[in-house]
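# Summary of structural features
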Amino acid sequence: MTSTGTPAGASMAFELTFAGDAVRVLQSEAAFEGYFAVRRLTLQHQLFGGGWSPPLVREVFERGDAVAVLPYEPETDCVILIEQFRPGALRDARSPWMLEVIAGVVEPGETDAEVAHREAGEEAACELAELVPIASYYPSAGACSEHVRLFCGRVRRAGAGAVHGARGEGEDILVHRIPRLEALALLAADRVPNGHTLIALQWLQLQGESLRQRWLS
């Protein structure tokens, strides 16, 4: 879901062919338990041509749901982005450090807004006012069960230029305040190899001017 609604004249008639009841989970077992978890599923699903697939064995990475937020400061027309090391990007020839939006895992009983405010404070000493929904999505549904809810948040204050993060979790996070147009130039130059941040900046490219006018009015 985005905050912009359905464009004028667009149709909402499309429906997916199958729903959740078109899958049979025959067996579910823990394949790995560590910092993250992997489950091994044996399942069947209905086929477009009719009938059911043969039993399929698939491992699913269980990371938990997450909330991500792009802090935007309309007074300065800047975004707050964080820089941190990512082990999954060790193969990147440029650098395994990434420029990202703020994000965190949803703990039991937490609302999305609570996660956004908690992570903004921990990762960037950032205080947010209004939250605007951008999108909700599965980053890699072929292998991972994680579902992300992405927001844009109005910045009240932020610890730009300093290092933050939960030391007990091994976080070492440098906070940047970047002009919106400079961030969009990085996007255009393919300098943003992080999915959450790509989506957030593409949304800001479309909605930034109207959002700034609304927040400053």
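Residues numbered from 1 in each chain as written. Predicted model: local features only at pLDDT ≥ 70, side-chain atom pairs only at ≥ 80, totals over all residues. Heavy atoms only, no water.

### Let's talk about the nonpolar core
- Core analysis: the largest hydrophobic core is formed by 26 residues, its most contacted members being Leu70, Val79 and Leu201.
- Those elements that place two or more of their residues in this core are strand S4 (66-73), strand S5 (78-85), strand S8 (127-137), strand S9 (148-157), helix H2 (180-188) and helix H3 (195-216).
- The greatest single-element share of this core, amounting to six residues, is contributed by H3.
- Sequence-distant contacts of leucine 70, defined by excluding residues within four places in its chain, comprise Val79, Leu81, Val101, Phe151, Cys152, Gly153, Ala200, Leu201 and Leu204.
- Counting residues in each nonpolar core, the second largest holds 17 residues, with Val67, Ile82, Ala120 and Leu128 among its members. (Core = buried A, V, L, I, M, F, W, Y, C linked by side-chain atoms within 4.5 Å. Buried < 20%, exposed > 50% of the residue type's maximum accessible area, 1.4 Å probe, protein only. Helix = DSSP H or I, 4+ residues; strand = E, 2+ residues; numbered from the N terminus. Contact = heavy atoms within 4.5 Å.)

### Describing the packing of aromatic side chains
- Tallied over the full model, the rule gives five aromatic pairs.
- Taken together, a centroid distance of 5.2 Å and an interplanar angle of 55° make the contact between phenylalanine 85 and tryptophan 97 tilted. Of this pair, phenylalanine 85 sits in strand S5 while tryptophan 97 sits in strand S6 (residues 97-100), and the two are 12 residues apart along the sequence.
- The class for tryptophan 97 is partly exposed, based on a relative accessible area of 46%. (Phe/Tyr/Trp six-rings, centres within 6.5 Å; stacked < 30°, edge-to-face > 60°.)

### Describing the confidence of the model for the protein
- Summarising the model, the protein shows a mean pLDDT of 93, and 95% of its residues fall at 70 or more.
- This model gives residues 1-5 a pLDDT under 50, and the stretch forms 12 contacts once residues within four places in sequence are excluded. (pLDDT = per-residue confidence, 0-100.)

### Brief notes about the packing of H2 against H3
- Interhelical geometry of H2 versus H3 gives an angle of 130° and a closest axis separation of 10 Å. In terms of orientation, H2 and H3 fall into the oblique class. For H2 against H3, the interelement crossing comes out left-handed. Note on element contacts: H3 touches H2 through Leu198, Leu201, Gln202, Leu204, Gln205, Gly208 and Glu209, opposite Arg180, Ala183, Leu184 and Leu187.
- Classifying every residue of the contact of H2 with H3 by side-chain character gives six nonpolar, three polar and two charged. (Axes fitted to C-alpha atoms, helices over the stretch in contact; angles between N-to-C directions. Parallel < 35°, antiparallel > 145°, perpendicular 65-115°, else oblique. Left-handed = near helix turned anticlockwise from the far one by under 90°. Nonpolar A, V, L, I, M, F, W, Y, C, P; charged D, E, K, R; others polar.)

### A word on the sheet that holds strand S2 (residues 37-45)
- Overall, antiparallel pairing links the three strands, which are arranged S1-S2-S3 in an open sheet. In the strand order of this sheet, the two ends are held by strand S1 (23-33) and strand S3 (56-62), each with one partner. Pairs of neighbouring strands in the sheet enclose a mean axial angle of 25°, with direction left out of account.
- Pairing analysis gives seven bridges linking S2 to S3, with the strands arranged antiparallel. When the sheet's bridge partners are listed, threonine 42 is paired in S3 with valine 57. (Pairing = 2+ DSSP bridges.)

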